[in-house]
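Coordinates in review
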Amino acid sequence: MTDSKKALIVGASRGIGLGVVDVLAKRGWQVTATTRGDAPAKSPASVEWIKLDINQSAAREAAKDALSAQRFDLIFVNAGVFGPDHQDIDRATDDEIVQLLLTNAVSPVRTAAKFLPLLNHRSGVLALMTSELSSLNENEVATYPLYSASKATLNMLARGLLEATEKQELTLLSIHPGWVKTDMGGENATLTVEESATGIVDQFDAYRGKGGHHFVDYAGRKLRW
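What this report covers is the structure whose coordinates are included nearby. (Residues numbered from 1 in each chain as written. Predicted model: local features only at pLDDT ≥ 70, side-chain atom pairs only at ≥ 80, totals over all residues. Heavy atoms only, no water.)

Covered by surrounding structure in strand E4 (residues 74-77) are Leu74 and Phe76 together with Ile75 and Val77, the residues of both alternating faces. Examined bridge by bridge, strand E1 (residues 6-10) and E4 share four bridges and lie parallel to one another. Bridging from a neighbouring strand, Ala7 pairs with Leu74 of E4. Read as a crossover between parallel neighbours, the route from E4 over helix H3 (residues 94-115) to strand E5 (residues 125-129) is right-handed. (Buried < 20%, exposed > 50% of the residue type's maximum accessible area, 1.4 Å probe, protein only. Helix = DSSP H or I, 4+ residues; strand = E, 2+ residues; numbered from the N terminus. Pairing = 2+ DSSP bridges. Right-handed = clockwise from strand over helix to strand, strands pointing away.)

Here it is, written out as structure tokens:
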């Protein structure tokens, strides 16, 4: 087990994040995962859980300090929210919009930047959970505009990490999970959590060592920015 790959999954207490944790653990990875609350009851026994609220700078610093002796082959920042159910910019309050952008764009990239030194040079993968809805090309009718705008902001801020990842010869991924049966995706979604998570982990393996910044989905399809 000491020679197995190591992953840090940020925002993994349920849904796709927990699904990715499960797939990695089954494939023999050593997994550390973060949650704002208690560790999920169905988590694999081998997973190490730490507390982290990505919106709190002191919590990000404390988590980095707790992990400072470790080096990871993969860091995946998965945390995010849908925002107001109505998705109407005229109805949304200023606080709702600020919180959505903070949680889906600003804090994930701040977290990624904070943890970047913990990735193994050359072989490491830094991944952030985005959505094809963030793309003007892939989302021509502006479906879920507030959520989509927050993920578009995430994409641009993630691109700002490219210089730092290139210095460490890392690979930077912005990954779309597909339409998944979660609390956010709903029961009409076309993918199970296991199907999406398996595909996402496959992309982590496929892009390891490639370098650059890539916008892809769980099946490996390259998406247009």
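From this point, the discussion proceeds with the structure in view.
Moving on: the pattern of salt bridges. One pass over the structure, following the stated rule, counts twelve salt bridges. A salt bridge links Glu138 to Arg224; the nearest nitrogen and oxygen atoms lie 3.4 Å apart. On the criterion of sequence distance, the pair formed by Glu138 in the loop between E5 and helix H4 (145-159) and Arg224 in the segment after strand E7 (213-217) is long-range, its members being 86 residues apart. The class for Arg224 is partly exposed, based on a relative accessible area of 45%. The closest approach of N and O atoms between Asp217 and Arg221, which form a salt bridge, is 3.3 Å. Here Asp217 falls in the buried class, since its relative accessible area comes to 6%. Taking the relative accessible area as the measure of exposure, Arg221 reaches 40% and is therefore partly exposed. Members of the salt-bridge network, linked through shared partners, are Glu132, Glu138, Asp217, Arg221 and Arg224. (Salt bridge = Lys/Arg side-chain N within 4 Å of Asp/Glu carboxyl O.)

A few words now on the sheet that holds E5. Pairing is parallel in the open sheet, where seven strands are placed in the order E3-E2-E1-E4-E5-E6-E7. With one partner strand each, in any of the chains shown, strand E3 (48-51) and E7 form the two edges of the open sheet. On average, adjacent strands in this sheet sit at an angle of 20° to one another, irrespective of strand direction. With five bridges connecting them, E5 and strand E6 (residues 171-176) associate as parallel partners. Across the sheet, Leu128 pairs through a bridge with Ser174, a residue of E6. Its contacts with the sheet place helix H1 (residues 15-26) against E1, strand E2 (30-35), E3, E4 and E5, and it is angled at close to 170° to E1. Strand contacts of H3: E1, E4 and E5, with the helix running at about 170° to E5, the strand carrying the most contacts. (Axes fitted to C-alpha atoms, helices over the stretch in contact; angles between N-to-C directions. Contact = heavy atoms within 4.5 Å.)

This next bit is on the environment of Val31. Position of Val31 relative to the elements: it lies in strand E2. Since its relative accessible area comes to 5%, Val31 is described here as buried. Look past the residues within four positions of Val31 in its chain and what remains in contact with it is Ala7, Ile9, Val21, Leu24, Ala25, Ser46, Val47 and Glu48.

Among the nonpolar cores identified, the biggest contains 29 residues, and Ile9, Val20, Leu24, Leu74, Phe76 and Phe204 are the most heavily contacted of them. The element best represented in this core is H1, accounting for six residues. Excluding residues that lie within four positions of it along the chain, Leu74 makes contacts with Lys6, Ala7, Leu8, Ile9, Leu24, Trp29, Leu119, Val125 and Phe204. By size, the runner-up hydrophobic cluster in this structure holds 26 residues, among which are Leu52, Leu119, Leu126 and Leu128. (Core = buried A, V, L, I, M, F, W, Y, C linked by side-chain atoms within 4.5 Å.)

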